[in-house]
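Examining the three-dimensional arrangement
Chain by chain, the residues:
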Amino acid sequence: MPGSTVPVALSTASVWPLRAHRAFEIAADLGFDGVEVMVWVDPDSQNVDALRKHSLDTGVPVLSVHSPSLLITQRVWSPDPEVRLRRSVEAALELEARTVVVHPPFRWQRRYGDRFSDLVAELEQESGVVIAVENMFKVRPPGGRRNARISAFRPSIDPTEVGYAHYTLDLSHTAAAGMDALALADRMGDGLAHVHLADGTGVPKDEHLVPGRGGQPCGELLERLVERDYEGAVVLEINTRSARYPANRVADLAEALLFTRLHLGQ
């Protein structure tokens, strides 16, 4: 484990409702190796020139770009999901980021879903950017029974059922889905190119807790990454929206970073 050089990045989503520039500042102050830009309703996250300025001002590089794949971002950049993914790759190239994170298509995105696998492969080949498809979780349908869960994703919440060149493993999502994170990592194999590190208690919602505060094998996964000479990044994607004071947010992110570096042998 000594000598692990796996980069540890901070997602700009970790400082929401603050804007992206604050993530760059906190990342610089705490000693993160970079940031992941979550492209969503924050205007800064949609502006490549602004992001480049934040990176230059703080000395913190953009390591990855999270394509606008959430329900609330269905009109960010374009109502067409293919255009959104293409623009995410373009943004990554402009920001010199190695990776784009994308969710599987929603079930109602039939045209996009039919083309998704080919599109991802085509964009990777053309750009040289790694496009890492993320594991998801089921949700309760409106008006559904308390324990009823459905997948909004096509064909399922597990991208290994399709098979892509590269994957993002999200441990908050495995918690919400009741999936075995280590088994999923094994199924992803050498295609595991990116990790969203956060914890969850197993309730069927996306909690994004500080690692160590839930039931996910966060530490064990990190140690396995080192053992297998993992070449991707680990991104802390933590929910700090309930932080009462700015210092509470910074303390949570510092704790998450310390946990990560310890288990990476850094």
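Everything below is about the structure printed above this text.
Residues numbered from 1 in each chain as written. Predicted model: local features only at pLDDT ≥ 70, side-chain atom pairs only at ≥ 80, totals over all residues. Heavy atoms only, no water.

1. Some words on the sheet that holds strand β4 (residues 99–102)
In spatial order, the strands read β1-β2-β3-β4-β5-β6-β7-β8; together these eight strands close into a barrel with parallel pairing. Within this sheet the neighbouring strands show an average axis-to-axis angle of 30°, counted without direction. Summarising the sheet, β4 and strand β5 (residues 130–134) pair through four bridges and their orientation is parallel. In the strand pairing of β5, Val102 is matched with Val133. Its contacts with the sheet put helix α1 (residues 20–30) on β1 (8–11), β2 (34–38) and β3 (62–66), and the angle it makes with β2 is roughly 160°. Against the sheet, helix α6 (residues 181–188) touches β6 (167–170) and β7 (192–197), its axis set at about 175° to β6. (Pairing = 2+ DSSP bridges. Helix = DSSP H or I, 4+ residues; strand = E, 2+ residues; numbered from the N terminus. Axes fitted to C-alpha atoms, helices over the stretch in contact; angles between N-to-C directions. Contact = heavy atoms within 4.5 Å.)

2. With respect to unusual backbone geometry
In this model, Trp16 is joined to Pro17 through a cis peptide bond whose omega is 15°. Of note, Pro17 is situated in the loop between β1 and α1. Look at the link from Arg154 to Pro155: it is a cis peptide, with omega at 0°. As for its position among the elements, Pro155 is in the loop between β5 and β6. Residue Glu96 is not a glycine yet carries a positive backbone phi of 60°. Among the structural elements, Glu96 can be located in the loop between α3 (81–95) and β4. On the basis of relative accessibility, which here comes to 73%, the residue Glu96 falls in the exposed class. Here the phi dihedral of Asp229 falls at roughly 55°; this positive angle occurs in a residue that is not glycine. Looking at where Asp229 falls in the secondary structure, it is placed in the loop between α7 (218–227) and β8 (233–236). Relative accessible area serves as the criterion here: at 60%, Asp229 is assigned to the exposed category. (Buried < 20%, exposed > 50% of the residue type's maximum accessible area, 1.4 Å probe, protein only.)

3. Observations regarding the environment of Glu36
Position of Glu36 relative to the elements: it lies in strand β2. Expressed as a C-alpha distance, the spacing of Glu36 and Val101, which sit 65 residues apart in the sequence, is 9.4 Å. Leave out the neighbours within four places in its chain, and Glu36 touches Ala9, Leu10, Ser11, Thr12, Ser64, His66, Val101, His194, His196, Val235 and Glu237. Of note is the side chain of Glu36, whose polar atom sits 2.6 Å from the side chain of His194. (Polar contact = N/O pair within 3.5 Å; in protein donor to acceptor, adjacent residues only side chain to side chain.)

4. Here's the deal with the packing of aromatic side chains
Going through the model one piece at a time under the given rule, you end up with six aromatic pairs. Ring geometry for Phe106 against Phe153: centres 5.2 Å apart, planes inclined by 20°, an arrangement best described as stacked. Placement of the pair is Phe106 in the loop between β4 and α4 (110–127) and Phe153 in the loop between β5 and β6, with a sequence separation of 47 residues. On the numbers, 5.7 Å between centres and 75° between planes, the contact of Phe116 with Tyr164 is edge-to-face. Residue Phe116 is found in helix α4, and its partner Tyr164 is found in the loop between β5 and β6; the two are separated by 48 residues along the sequence. (Phe/Tyr/Trp six-rings, centres within 6.5 Å; stacked < 30°, edge-to-face > 60°.)

That is the geometry; function is a separate question.
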